Amino acid sequence: MTRLAACLWLIVVALAGGYLGLRVHDGLSFRTDLLALLPREEQDPVLQRANEAVSRALGRRVVALVGHPDRTQARAAAQRLADDLAATGLIDTRGEGVDAERMRRLGALYFPHRRGLLSDADRALLTAGQGEAVATRALSQVFGFVGMADAGLLRADPFLLLQSFFTSLPFPMSRLAPDEGMLSLTQDGTTWVLVAGTLTREPFELAVQDRVVGVLDAATAALTAQHPGLKVKRLGAVFFAHAGSQTAIGESSLIGGLSMAGTVLLILLVFRRAGPLLHNVLALGVGIGAGLAGSLALFGELHVAALLFGTSLIGVAVDYSLHYSAGLFDPAMADPRARLRHVLPGITLGLATTLIGYATLALAPFPGLRQIAVFSVLGLIAAYLTVVLWLPRLDRGMPLAHGRTLLRLSARLWRFWEAPGLRGVRAALLLAAAVAGAAGLWRLHADDDVRRLQALSPTLVAEQQEIQRLIGATTAQQFVLVQAADDEAALRRQEQAADILTRLKTEGALAGFQSPASFVPSAARQRENRALRRDALETPHLAAHRAQLGLPDEPPAKDDPAAVLTLDTAVAAGVPLLADLVLAPGLHAVALQGLTDPAAVRAALAGVEGVRLVDPTADFSALLAQYRHRALWLVALSALLMVPALAWRYGLWGGLRTMLPPLAAVILAPAVVGLAGQPFTFFHAMALVLVLAVGMDYAVFCAEGDAAHRPVTLLAVWLATLTTLLSFGLLAFSGVAAVHGFGLTMLAGIALAFFFSPLAARGRVQKVAAGAA
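What you see is a predicted model, and the numbers here were worked out from it, not measured in a lab. (Residues numbered from 1 in each chain as written. Predicted model: local features only at pLDDT ≥ 70, side-chain atom pairs only at ≥ 80, totals over all residues. Heavy atoms only, no water.)

### Topic: the confidence of the model for the chain
For the chain, mean pLDDT is 84; residues scoring 70 or higher make up 89% of the total. Counting contacts from residues 763–773, a segment whose pLDDT is below 50, to residues more than four positions away or on other chains yields 12 contacts. (pLDDT = per-residue confidence, 0-100. Contact = heavy atoms within 4.5 Å.)

See the structure below:
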């Protein structure tokens, strides 16, 4: 029967391996966006679409400033750099300059609709009945020292209102000025020339990062050698992503290598045989492979966080094979089947309690947690079946002759918790742990700010600040979202919100804003502007104004109410920013610059229908906080659901006593985080899931170990603890805040769970004694 089960399991593993191989061959896809982790019912489709569109627009921007004391050399180097970046095929630099052709196209777009276009300042003057001030300004522009208006322009626009409208357009990078087809500025004797473009692919693709950064670095080195004194500063998500990925890859390679080398060395030093090492690798490999294959079959694709945490949680599975292999130190377990019989109740109950915990996570309405749970459940079952069905058939090892010293040392922890003479020491230690735990929990505070979880390159941060200081481009991640039935209604709502934003600008809450309505007023506003222009300016002042300019007297042009500039026409003509701000019909974004008081902006816009401030960083942080809270509740629920299985095996009080070690670890691990002065985040909460699962395994194994086999049992727990710390404890030394927090919680929790695990044995002993009586 067992042979048939082993063969069937081999077929299942082979099928899973074949399916996984096909998926790898076709190319695995993993989701990386944070919203993919969140509950579907909490995702606002409109908000999600807007966030994705704005984040894509901002994330794909690439900006470089090329500076040199000599203007000619700065321009030549900037042109060469732009050509090199465009040659990659990954960066589109078209339409970034301000050449005569582009200005001609913009003029051709706006000129036919000039009568409906007014700057905010001109509109305010005309509304206040100060048309004469507008006429006087136009005369000063014509006859002034730098007057540039020609006769043709004056005949068509005698008050130069279109020129005023152009001047008022809220283009970003306002400190840059057109300079023979380029945007540049001069400061402190250095001419800075802008090189800008848009990525044609996602900035978080490793291949894109390597290509763009490699070309930019090579071009910078060549240009610096050719033009001594040249400076190149860069800004863009692709550069931060590349720096972060290089740090993560370097850390993972180092920590992973140390973990693997340490685990292999530990097993070889303890067992002095290759067999136990191969058995553990087999069980772990089958577990990870089966978990990944099953998850891909169920979900189609996985989030990278689910892959990371799921693979980490499979680390629990190595405990099963370690406990089996530890039986080699017991002469009474000379036969592989005897070793399996000895550990089977413990690993079966450990699997059951762990599956209860993960099944609870699978019931939660969180896609991320559900994927992690399914991955781990399938992987743990696969590892368990591999140990039970295959290892006794593959194991040819005889009991080990060495190990007396290891067994004696491993038993000391058990003696510490049971020796009558150490009762006072134990009481003092528990009291100290309680005081330290209370102090740590008192100091513990939550901080779910997603910005603190990112490891940003200090060099790139400094360059970003310098670029923003030079060119004045301080576009915030926050934006105002305008939602309406159609584009016309959305433009009207923007015009209503513009008055509020302008007031907030004067109050210092923000430095500026760009909205689609700034570039293309609503049809209603254009008709109002025509009427205002006619009644407040042309009727009372046009004849005298034309006479002063020496123009023939002509009647005002007749207005066609249907001839208005539409948003679609402007977007198709390539008006700067519009394509990024118009997200969909009736769904627009208003970009904000220099935002210093988001709360004031949010409160001021609260009364405008269909208009709201969107703060992706704050929204993500709030969702992470909610995720953290619910994850903690699910950990508590998992612990409660484990009690019936433990009570069935050990009795109610024995089951509760078995729960004490992992619960103590789950409670004290956050206290250690608090004592370390670190905030508690979602990643700490996720680590507690693993602490509970691993700690419960340790407690169950100790509860199952009778007096004769306690040294072997505790040696196995020792080995499981050390391999877990090598796998996850080293993550505490990561420079990435999220990984560091996860690793620190694991380091403290696993150590505490191991230290308290012998306390679970008394529940088993008491029940056995009661049964014997």
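### Quick word on the pattern of salt bridges
Taken as a whole, this structure holds 20 salt bridges when the rule is applied. Where E488 meets R492, a salt bridge forms, and the shortest distance between an N and an O atom there is 3.1 Å. Highlighted residues: E488 and R492, both in helix α21 (residues 487–506), separated by four residues, approximately one helical turn. The class of E488 is partly exposed, set by a relative accessible area of 22%. We classify R492 as partly exposed; its relative accessible area is 43%. When the shortest N-O distance is used, the salt bridge between R534 and D535 registers 3.3 Å. Take R534: its relative accessible area is 34%, and that puts it in the partly exposed class. On the basis of relative accessible area, D535 is assigned to the exposed category, the value being 51%. Through salt bridges with shared partners, a single ionic network connects R115, D157, R533 and E538. (Salt bridge = Lys/Arg side-chain N within 4 Å of Asp/Glu carboxyl O. Helix = DSSP H or I, 4+ residues; strand = E, 2+ residues; numbered from the N terminus. Buried < 20%, exposed > 50% of the residue type's maximum accessible area, 1.4 Å probe, protein only.)

### Some details on the pairing of strand β7 (residues 231–235)
Buried residues dominate β7, accounting for four of its five residues. Two elements, strand β2 (residues 61–68) and β7, share five bridges in a ladder whose sense is antiparallel. The residue bridging G67 from the neighbouring strand is K231, located in β7. (Pairing = 2+ DSSP bridges.)

### Quick notes on the packing of aromatic side chains
Taken as a whole and judged by the stated rule, the model has 13 aromatic pairs. An angle of 70 degrees between the planes, with centres 5.4 Å apart, marks the rings of F755 and F756 as edge-to-face. Assessed through its relative accessible area of 26%, F755 is described here as partly exposed. Since its relative accessible area comes to 6%, F756 is described here as buried. One aromatic cluster is present, built from ring pairs that chain together F416, W417, F755 and F756. Positioned above the aromatic ring of F111 is the side chain of R114, whose terminal nitrogen or guanidinium carbon lies 4.1 Å from the ring centre. (Phe/Tyr/Trp six-rings, centres within 6.5 Å; stacked < 30°, edge-to-face > 60°. Lys NZ or Arg CZ within 6 Å of the ring centre and 35° of its normal.)

### Observations regarding helix α19 (residues 423–443)
The end-to-end C-alpha distance of α19 is 30 Å, a good match for the 30 Å that 21 residues give at a rise of 1.5 Å each. Packed against the buried residues of α19 are α18 (412–418) and α28 (652–675). (Expected span 1.5 Å × (residues − 1).)

### What about the side chain of H68?
You can see H68 is positioned in strand β2. Aside from chain neighbours lying at most four places away, what touches H68 is Q73, A74, T190, T191, H227, P228, G229 and L230.

### With respect to a nonpolar patch on the surface
A grouping of L4, L8, I11 and L15 is seen on the molecular surface, where their side chains present a nonpolar patch of about 410 Å² in accessible area. Inspection of the secondary structure puts L4 in helix α1 (residues 2–26). (Patch = residues over 30% accessible without salt bridge, like charges linked within 9 Å, V, L, I, M, F, W, Y side chains within 5 Å. Areas by Shrake-Rupley, 256 points an atom, 1.4 Å probe, with all protein chains shown as cover.)

### Quick word on the side chain of S638
Relative to the helices and strands, S638 resides in helix α27 (residues 616–650). A distance of 2.7 Å separates the side chain of S638 from the backbone oxygen of L634, its partner in a polar contact. In contact with S638, not counting residues within four places along its chain, are I356, G357, T360 and L692. (Polar contact = N/O pair within 3.5 Å; in protein donor to acceptor, adjacent residues only side chain to side chain.)

### A look at the packing of helix α14 (residues 336–363) against helix α15 (residues 367–389)
Packing of α14 against α15 brings their axes to within 9 Å, and their N-to-C directions diverge by 170 degrees. Relative to α15, the element α14 is oriented roughly antiparallel. Here L340, L344, I347, T348, L351, T354, L355, Y358, L361 and A362 of α14 come into contact with α15, specifically with L369, R370, A373, S376, V377, L380, I381, Y384, V387 and V388. Taken together, the residues of the contact of α14 with α15 break down into 16 nonpolar, three polar and one charged. (Axes fitted to C-alpha atoms, helices over the stretch in contact; angles between N-to-C directions. Parallel < 35°, antiparallel > 145°, perpendicular 65-115°, else oblique. Nonpolar A, V, L, I, M, F, W, Y, C, P; charged D, E, K, R; others polar.)

### Some points on the environment of F239
Checked against the element boundaries, F239 lands in helix α10 (residues 237–271). Classification of F239 as buried rests on a relative accessible area of 4%. Between the C-alpha atom of F239 and that of D210, which follows or precedes it by 29 residues, the distance is 9.5 Å. In this view, F239 contacts V62, V63, V212, V213, L216, R234 and L460; residues no more than four positions away in its chain are not counted.

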